[in-house]
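Examining the three-dimensional arrangement
If you want the building blocks of each chain, they are given just below.
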Amino acid sequence: MERADSAGLALLVEWTRVAQMQGQDIRFVKMSPQMQAIAEVSGLQDVLPFSAA
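Residues numbered from 1 in each chain as written. Predicted model: local features only at pLDDT ≥ 70, side-chain atom pairs only at ≥ 80, totals over all residues. Heavy atoms only, no water.

**With respect to unusual backbone geometry**
Although it is not a glycine, Lys-30 adopts a positive phi angle of roughly 55°. Lys-30 gets classed as exposed once you look at its relative accessible area, which sits at 66%. (Buried < 20%, exposed > 50% of the residue type's maximum accessible area, 1.4 Å probe, protein only.)

**Looking at the packing of aromatic side chains**
Following the criterion strictly, the structure yields 1 aromatic pair and no others. Each ring, one from Phe-28 and one from Phe-50, has its centre 6.5 Å from the other, and the planes form 65°; the classification is edge-to-face. Within this pair, whereas Phe-28 is found in strand E1 (residues 28-29), its partner Phe-50 is found in strand E2 (residues 50-51), the two being separated by 22 residues in sequence. On the basis of relative accessible area, Phe-28 is assigned to the buried category, the value being 8%. (Phe/Tyr/Trp six-rings, centres within 6.5 Å; stacked < 30°, edge-to-face > 60°. Helix = DSSP H or I, 4+ residues; strand = E, 2+ residues; numbered from the N terminus.)

**Here we look at the packing of helix H1 (residues 6-21) against helix H2 (residues 33-41)**
Relative to each other, H1 and H2 sit at 75°, their axes nearing to 10 Å. Taken together, the axis directions place H1 and H2 in an arrangement best described as roughly perpendicular. For the pair H1 and H2, the contacting residues are Gly-8, Leu-9 and Leu-12 in the first and Met-35, Ile-38 and Ala-39 in the second. Residues that form the contact of H1 with H2 fall into these classes: 5 nonpolar, 1 polar and no charged. (Axes fitted to C-alpha atoms, helices over the stretch in contact; angles between N-to-C directions. Parallel < 35°, antiparallel > 145°, perpendicular 65-115°, else oblique. Contact = heavy atoms within 4.5 Å. Nonpolar A, V, L, I, M, F, W, Y, C, P; charged D, E, K, R; others polar.)

Following this line, the structure appears as structure tokens:
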């Protein structure tokens, strides 16, 4: 991923919601520092399942 914005973050939130509704696990691995910063500023760092590896 080269660029991150709030629309991308919204997509990750939606994927997380859909996965949870279907009883599935989802993890976003090696997210860019920019996307992680947007999630933190938005208060979503604890909602989105980011993983370092």
